[in-house]
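What follows is the residue order along each chain.
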Amino acid sequence: MALLEVDKVTRRFGGLVAVNNVSFAVPEGEILGIIGPNGAGKTTLFSVISGFIPPSDGEIRFAGESIVGVSPDRLVRRGLVRSFQVVQTFADMTTLDVVTTAALTRRPIREAIDYAAHVLQRVGMAGKELLTPATLSLQDKKLLELAKCLATDPRCILLDEVMAGLTIAETEAPMAIVRELNSQGVTIVMVEHVMPVIMRLATRIVVINFGEKIAEAAPEEIIKDQRVIDAYFGEHLDA
Amino acid sequence: MRQEFYKTLTSPVWLVILVLAVVLPPLLPSYYLHIVILALVYVALASAWNIVGGMAGQISLAHSLFIGTGAMLSTALLLKLGVNMWLGLVISAIISGVMGAMIAWIDFRFQLGHLSFVLITMAFAEMGTVIVEGWDFLGGASGLLLPQDKGDFLAFQFGGGIGAFWVMLVLAIVSILINVAILNAPLGYYLRTIRDNENAARAIGVNILRYKIAAMVISAMLSSVIGTAYVRYLTFADPYLLVSPIIIIEVVLFATVGGLGRAYGPAFGALLLVPLGEILRGKLGGTLPGLHYFIYGVVVIAVILMSPRGLLPLFEKWFSRMRPKAATSK
Ligand SMILES: Nc1ncnc2c1ncn2[C@@H]1O[C@H](COP(=O)(O)OP(=O)(O)OP(=O)(O)O)[C@@H](O)[C@H]1O
Ligand SMILES: [Mg+2]
């Protein structure tokens, strides 16, 4: 049985169908990549899975149970956590405070503070515990998104473009973290525009275009798929 | 962080303040004692309000409803039904807590933004005024007069001046300590995260409704208890003072000037501004009516422009500059 099952999920915004009848399943321990052009509906799909917006139609199961209508915070407690494509800011808290809040999901306060420091160190942010997130570099803001997710001790992480805007060299650190997490048994679903990253990390890739799933295959097959090339790579090559 | 909590309790600054607070007041002339008591009332109120307004970042104007319930209802229960004021205090606090929970629920259910929250809570406060003024049980527009304070502790009497001082000192300290405790507990982390970014809070497992209700209930009950103690000191339960929008605007002002969201910020603001306001009024109110308001306003505006996050952060910065090694507390 797959850990996460997305079954014919549709999400409309008025007349716009942002996600259209999308299905896929993620077995425990996999790294699934999701790609698609801008506006394809990837972030909307994540928002629906993580409980932030309800699906217009369809069914989502996590660890065998339906999670449609379950609030985001309860999903986090069950082990399903998301990151945000738009890095989140906190006006009057330190990075340690923010990650501590995440760690409180499963730990008492004193342990949570220690664990938060440990997680920050693990993502390579040691020494930045007392900075305000707004003052961080883009790379560190992205790492903080990762750290928040990690601190909740998830079974499955939905990563929305955590490498976007980073140089190839800067993606090394988050890539190593994703690999390490995965080797510890955490299931990962990641949306990513940076092709070299997703090709190297994902074991399988789902391609979305105009809200619909148009392909699902191993990375080496995906780059050969004509529909994918037309929908996605074509556009990027032109640009 | 728990160690920090106890370190705070035993820090020399606290001890000095405590010793001064115990030794000084009995020696004060009654006019100054009154100012000290008033300052303590507002230290307690501003600190109680801080749990919602500072930590959770929700500018609630409904708190005059809780203060008013604590004051008017406990008084009415005693005068009209003969209910012991200690029991009245408990009943009022529970009713305030329930009203607070309702307001927090409405805020969550209808996803009120910051401005709508301010307006809705203002409407609640206004409703409170109307109900008190229109309902004879609560004294109507003319208010209620408590029996003379003979110092009978079991009847919630503390013997006026000095007794009231002790009660308010305890309430102010309890209110501040509750702030310290919350800030060092999970609730403090949850509230600050909700304040800074509600969506991000949900995404890392924070149950928004539960903790907004928790903050509002604690804050409302505390405000109600302070209201009961305050009316006992005043003896006259005046709806125009105790259920008025003015009292809550003062509380918001003191908390903001002192430093929102910090354990000692609101207390600091009240300790500074209450005596300043009273002394200005005492010195200038007779000769040039209105001038004291003007000076007071200029001081408040200057503080807010100089340090938008309040005076306490400003002092902390100066302090850490003078002693670079000393770590500043939050
Ligand atoms: N809350 C909303 N209300 C209305 N329309 C929305 C909303 N959220 C997203 N959309 C629309 O849904 C479509 C899909 O958007 P979405 O953000 O999911 O795309 P995406 O694949 O994540 O794009 P990108 O690669 O740029 O991040 C877009 O046309 C977008 O304008
Ligand atoms: Mg997106």
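Residues numbered from 1 in each chain as written. Chains lettered and ligands numbered in written order. Predicted model: local features only at pLDDT ≥ 70, side-chain atom pairs only at ≥ 80, totals over all residues. Heavy atoms only, no water.

Chemist: Even after reading the chapter, I still don't get the packing of aromatic side chains, so can you show me in this structure?
Modeler: The relation between two aromatic rings is expressed through the spacing of the ring centres and the mutual angle of the planes. Evaluation of the coordinates by the stated rule reveals 12 aromatic pairs over all chains. Ring centres of W135 of chain B and F137 of chain B lie 5.3 Å apart, and the angle between their planes is 40°; this geometry places the pair in the tilted category. The lysine or arginine in question, R82 of chain A, covers the ring of F52 of chain A, its NZ or CZ lying 5.1 Å from the ring centre. When the ring centre of F110 of chain B is taken as origin, the NZ or CZ atom of R109 of chain B, which lies over that ring, is 5.3 Å away. (Phe/Tyr/Trp six-rings, centres within 6.5 Å; stacked < 30°, edge-to-face > 60°. Lys NZ or Arg CZ within 6 Å of the ring centre and 35° of its normal.)

Chemist: In this structure, what is going on with the packing of helix 3 (residues 30–55) of chain B against helix 12 (residues 245–258) of chain B? I would like to understand it.
Modeler: In a pair of packed helices, the angle between the axes and the distance between the axes together describe the arrangement. Residue and element names in this part refer to chain B. At a minimum axis distance of 9 Å, the contact between helix 3 and helix 12 shows a crossing angle of 80°. Compared by their axis directions, helix 3 and helix 12 come out roughly perpendicular. Here Y42, L45, A46 and W49 of helix 3 come into contact with helix 12, specifically with I247, I248, E250, V251, V252, F254 and A255. For the contact of helix 3 with helix 12, a count of residues per class yields 10 nonpolar, no polar and 1 charged. (Axes fitted to C-alpha atoms, helices over the stretch in contact; angles between N-to-C directions. Helix = DSSP H or I, 4+ residues; strand = E, 2+ residues; numbered from the N terminus. Parallel < 35°, antiparallel > 145°, perpendicular 65-115°, else oblique. Contact = heavy atoms within 4.5 Å. Nonpolar A, V, L, I, M, F, W, Y, C, P; charged D, E, K, R; others polar.)

Chemist: For this particular structure, what's the right way to read the interface of chain B and chain A?
Modeler: Often, the extent of an interface is quoted as the loss of accessible area upon association of its parts. Facing 22 residues of chain B, the contacting portion of chain A comprises 26 residues. Both sides of the chain B and chain A interface together cover about 2200 Å² of buried area, and 56% of this is carbon and sulfur. Summed over the shared surface of chain B and chain A, the result is 2 salt bridges. A salt bridge links R192 of chain B to D97 of chain A, with the shortest nitrogen-to-oxygen separation between them at 2.6 Å. For the pair chain B and chain A, the number of links is 10 residue pairs in polar contact (both at pLDDT 80 or more). Broken down by element, the residue count for the side of chain B that touches chain A peaks at 7 residues, all from helix 8 (residues 186–196) of chain B. Its residues assigned to classes, the side of chain B that touches chain A comprises 9 nonpolar, 7 polar and 6 charged. (Buried area = accessible area lost by both parts, 1.4 Å probe. Salt bridge = Lys/Arg side-chain N within 4 Å of Asp/Glu carboxyl O. Polar contact = N/O pair within 3.5 Å; in protein donor to acceptor, adjacent residues only side chain to side chain.)

Chemist: In this structure, what is going on with the pairing of strand 7 (residues 156–160) of chain A? I would like to understand it.
Modeler: On a regular strand, one side chain projects to one face of the sheet and the next to the other, so that they alternate. Residue and element names in this part refer to chain A. By the criterion of burial, strand 7 is predominantly enclosed, with 5 of the 5 residues buried. Covered by surrounding structure in strand 7 are C156, L158 and D160 together with I157 and L159, the residues of both alternating faces. By the bridge criterion, 3 bridges tie strand 6 (residues 80–82) to strand 7 in an arrangement that is parallel. Bridge pairing in strand 7 places L80 opposite C156. (Buried < 20%, exposed > 50% of the residue type's maximum accessible area, 1.4 Å probe, protein only. Pairing = 2+ DSSP bridges.)

Chemist: What should I look at first to understand the domain arrangement of chain A in this one?
Modeler: All names here are of chain A. Assigned domains within chain A: domain 1 (4–79 + 154–238) and domain 2 (89–153). On a C-alpha basis, the centroid separation for the pair domain 1 and domain 2 is 24 Å. Each partner contributes to the interface: domain 1 provides 19 residues, whereas domain 2 provides 13 residues. Summing both sides of the interface, domain 1 and domain 2 together bury roughly 1400 Å²; the carbon and sulfur share of this comes to 66%. For the domain 1 face of the interface with domain 2, the top three residues by lost area are P154, V162 and I177, together amounting to 34%. At the boundary of domain 1 and domain 2, one finds 1 salt bridge. Secondary structure elements with two or more residues in the side of domain 1 that touches domain 2: helix 2 (72–78), strand 7 and helix 6 (168–183). Counting residues per element, the side of domain 1 that touches domain 2 draws most heavily on helix 6, which supplies 5 residues. Within the side of domain 1 that touches domain 2, the residues separate by chemical class into 10 nonpolar, 3 polar and 6 charged. (Domains from an automatic or database assignment.)

Chemist: What is the right way to look at the sheet that holds strand 1 (residues 4–13) of chain A in this model?
Modeler: To summarise the sheet geometry, strands pair through backbone hydrogen bonds and adopt either a parallel or an antiparallel arrangement. Residues and elements named next belong to chain A. Across the sheet, which stays open at both edges, the 4 strands sit in the order 2-1-4-5 with antiparallel pairing between neighbours. Whereas interior strands pair on both sides, the edge strands pair on one side only; in this sheet they are strand 2 (16–26) and strand 5 (65–66). By the bridge criterion, 7 bridges tie strand 1 to strand 2 in an arrangement that is antiparallel. Its bridge partner being in strand 2, L4 is matched across the sheet by V26.

Chemist: Would you mind going over the nonpolar core with me for this structure?
Modeler: Grouped burial of nonpolar side chains is what soluble globular proteins tend to show. One finds M163 and M190 of chain A together with Y42 and L191 of chain B to be the most contacted residues of the largest nonpolar core, which totals 146 residues. When residues in this core are grouped by element, the largest group, 16 residues, is from helix 3 of chain B. Both domains that meet at this core, namely domain 1 (4–79 + 154–238) and domain 2 (89–153) of chain A, each give it at least three residues. With near-sequence residues (within four places) excluded, M163 of chain A lies in contact with T171, P174, M175, V178, M190, E192, V194, V197 and L201 of chain A. In terms of nonpolar packing, the next biggest core, distinct from the first, is built from 27 residues, L4, L32, I67 and V206 of chain A among them. (Core = buried A, V, L, I, M, F, W, Y, C linked by side-chain atoms within 4.5 Å.)

Chemist: Any chance you could explain the site of ligand 1 here in plain terms?
Modeler: All names here are of chain A. The full set close to ligand 1 counts 14 residues, and G39, K42, T43, T44 and Q85 are the nearest of them. Within the backbone of G41, an N or O atom sits 2.9 Å from an oxygen atom of ligand 1. Alone, ligand 1 offers 640 Å² of accessible surface; in the complex the protein occludes 61% of this. Put simply, the parts of the chain that give the shell around ligand 1 at least two residues each are strand 2 and helix 1 (42–49). (Near = heavy atom within 4 Å. Areas by Shrake-Rupley, 256 points an atom, 1.4 Å probe, with all protein chains shown as cover.)

Chemist: It is not clear to me how the sheet that holds strand 8 (residues 187–191) of chain A should be interpreted in this structure. Could you clarify?
Modeler: Residue and element names in this part refer to chain A. Taken together, 6 strands build an open sheet; the order of strands is 6-7-8-3-9-10 and the sheet is mixed. Looking at strand neighbours, the two that pair on one side only are strand 6 and strand 10 (212–217), the edges of this open sheet. Each adjacent strand pair in this sheet contributes to an overall mean axis angle of 15°, direction not counted. Here 4 bridges tie strand 3 (residues 31–35) to strand 8, and the two strands are oriented parallel to one another.

Chemist: Which parts of the structure should I look at to understand unusual backbone geometry?
Modeler: It is generally the case that most residues other than glycine have a negative phi and that most peptide bonds are trans. With phi around 50°, F210 of chain A is a residue other than glycine that occupies positive phi space. Its place among the elements puts F210 of chain A in the loop between strand 9 (204–209) and strand 10. Among the residues examined, F210 of chain A registers a relative accessible area of 68% and is labelled exposed. For T235 of chain B, which is not a glycine, the phi torsion comes out positive at approximately 70°. On the secondary structure map, T235 of chain B appears in the loop between helix 10 (208–234) and strand 2 (236–237).

Chemist: I'm lost on the coordination of the magnesium ion (ligand 2) in this one. Help?
Modeler: Each angle at a metal carrying four tetrahedral donors should ideally be 109.5 degrees, and each at a metal carrying six octahedral donors should ideally be 90 or 180 degrees. All names here are of chain A. Here the magnesium ion (ligand 2) is held by T43 (OG1) and Q85 (OE1), and the distances to it run 1.9 to 2.1 Å. You can see T43 sitting in helix 1 and its partner Q85 sitting in the loop between strand 6 and helix 3 (95–103), a full 42 residues away along the chain. With relative accessibility at 28%, the residue T43 sits in the partly exposed group. For Q85, a relative accessible area of 31% translates into the label partly exposed. (Donors = N, O, S within 2.8 Å, 3.2 Å for Na, K, Ca; no water.)

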